[in-house]
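A closer look at the structure
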Amino acid sequence: DVGILYSFEVLIEGNSEISTTSLPSTDGTTLEPTTVDPGNLLVCGGVLDVPLEIPDLSTVNLDIKCPRCVNVSELSLRLGVEHSFSTDLELSLLYGGGPSALIKETYGDCHTENYYNVTINDVGTGGLLQNVCPGGDGHVDSPPAYQPREPFAAFRNLSTCGTWTLRARDNV
């Protein structure tokens, strides 16, 4: 029961400029300081050119960097993942060497095959993602948005300049 990761986006509402000087990027170019007014959305990541396989009993990390540097005010995550047994799958969001948040654990009462374009944030009205029971087709999608197992509030006021990592672990 191999899983496939199709998309990974971090959606950030920024609340301020984080620097008054230019910043070096990893590819040698320079990133200019950016101000994002409250309510504006910064999208980091997207649909993968080549879907990433999540083999049985393995951990896969997918790293992305944001195109601009702002302080995080609010954060949402949008995912596209296929996996025949969601109860085998653990998902986490990590930021650099700092905070992390567990999105879903490897247990649950429902068999979910796929998460199509699922939005996850601290105020999701659909409840915890790991507790969602899909309709007859075995798929979960948004709307509504769902909540992570651990709140994304841990990422507030961090700079988007670091590396965001989605960790997908197949434990069974």
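Residues numbered from 1 in each chain as written. Predicted model: local features only at pLDDT ≥ 70, side-chain atom pairs only at ≥ 80, totals over all residues. Heavy atoms only, no water.

**Section: the overall build of the chain**
Looking only at helices and strands, the chain has zero helices and 11 strands in total. With 172 residues in all, the chain has 43% of them scored as buried. (Helix = DSSP H or I, 4+ residues; strand = E, 2+ residues; numbered from the N terminus. Buried < 20%, exposed > 50% of the residue type's maximum accessible area, 1.4 Å probe, protein only.)

**Some details on the environment of leucine 41**
Of note, leucine 41 is situated in strand β4 (residues 41-54). Apart from residues no more than four positions distant in its own chain, leucine 41 is found in contact with Leu11, Ile12, Glu13 and Arg68. (Contact = heavy atoms within 4.5 Å.)

**A few points about the pattern of salt bridges**
Under the definition given, this model contains three salt bridges. Two residues, glutamate 105 and arginine 149, come together in a salt bridge whose shortest N-O distance is 2.7 Å. Residue glutamate 105 is located in the loop between β8 (100-104) and β9 (114-121), and its partner arginine 149 is located in the loop between β10 (139-141) and β11 (163-170); the two are separated by 44 residues in the primary sequence. (Salt bridge = Lys/Arg side-chain N within 4 Å of Asp/Glu carboxyl O.)

**Describing the confidence of the model for the chain**
In this model, the chain carries an average pLDDT of 75, and 77% of its residues clear a pLDDT of 70 or more. Considering each helix and strand of the chain separately, the mean pLDDT is smallest for strand β3 (residues 30-31), with a value of 38, and largest for β8, with 88. Confidence drops under pLDDT 50 across residues 17-38; counting only partners more than four residues distant or on other chains, this segment forms 39 contacts. (pLDDT = per-residue confidence, 0-100.)

**Describing the sheet that holds β11**
Sheet strands associate in pairs through backbone hydrogen bonding, adopting either a parallel or an antiparallel arrangement. Read from one edge of the open sheet, four strands run β5-β11-β7-β8, paired in antiparallel fashion. The outermost strands of the open sheet, each flanked by one partner alone, are β5 (59-65) and β8. Pairwise comparison of adjacent strand axes, ignoring direction, gives a mean angle of 20 degrees for this sheet. Note: strand β7 (residues 89-95) against β8, four bridges, orientation antiparallel. Among the inter-strand pairings, leucine 94 is bridged to a residue of β8, identified as serine 100. (Pairing = 2+ DSSP bridges. Axes fitted to C-alpha atoms, helices over the stretch in contact; angles between N-to-C directions.)

**A word on the state of the cysteines**
Disulfide: a covalent bond formed between the sulfur atoms of two cysteine residues. Applying the stated rule across the entire model yields two disulfides. The disulfide that involves cysteine 44 links it to cysteine 66, with 2.0 Å between the sulfurs. Between cysteine 44 and cysteine 66 the disulfide shows an S-S torsion of about 105 degrees. By sign, it is right-handed. You can see cysteine 44 sitting in strand β4 and its partner cysteine 66 sitting in the loop between β5 and β6 (70-82), a full 22 residues away along the chain. Disulfide pairing is shown between cysteine 69 and cysteine 161; the S-S distance is 1.9 Å. (Disulfide = S-S within 2.5 Å.)

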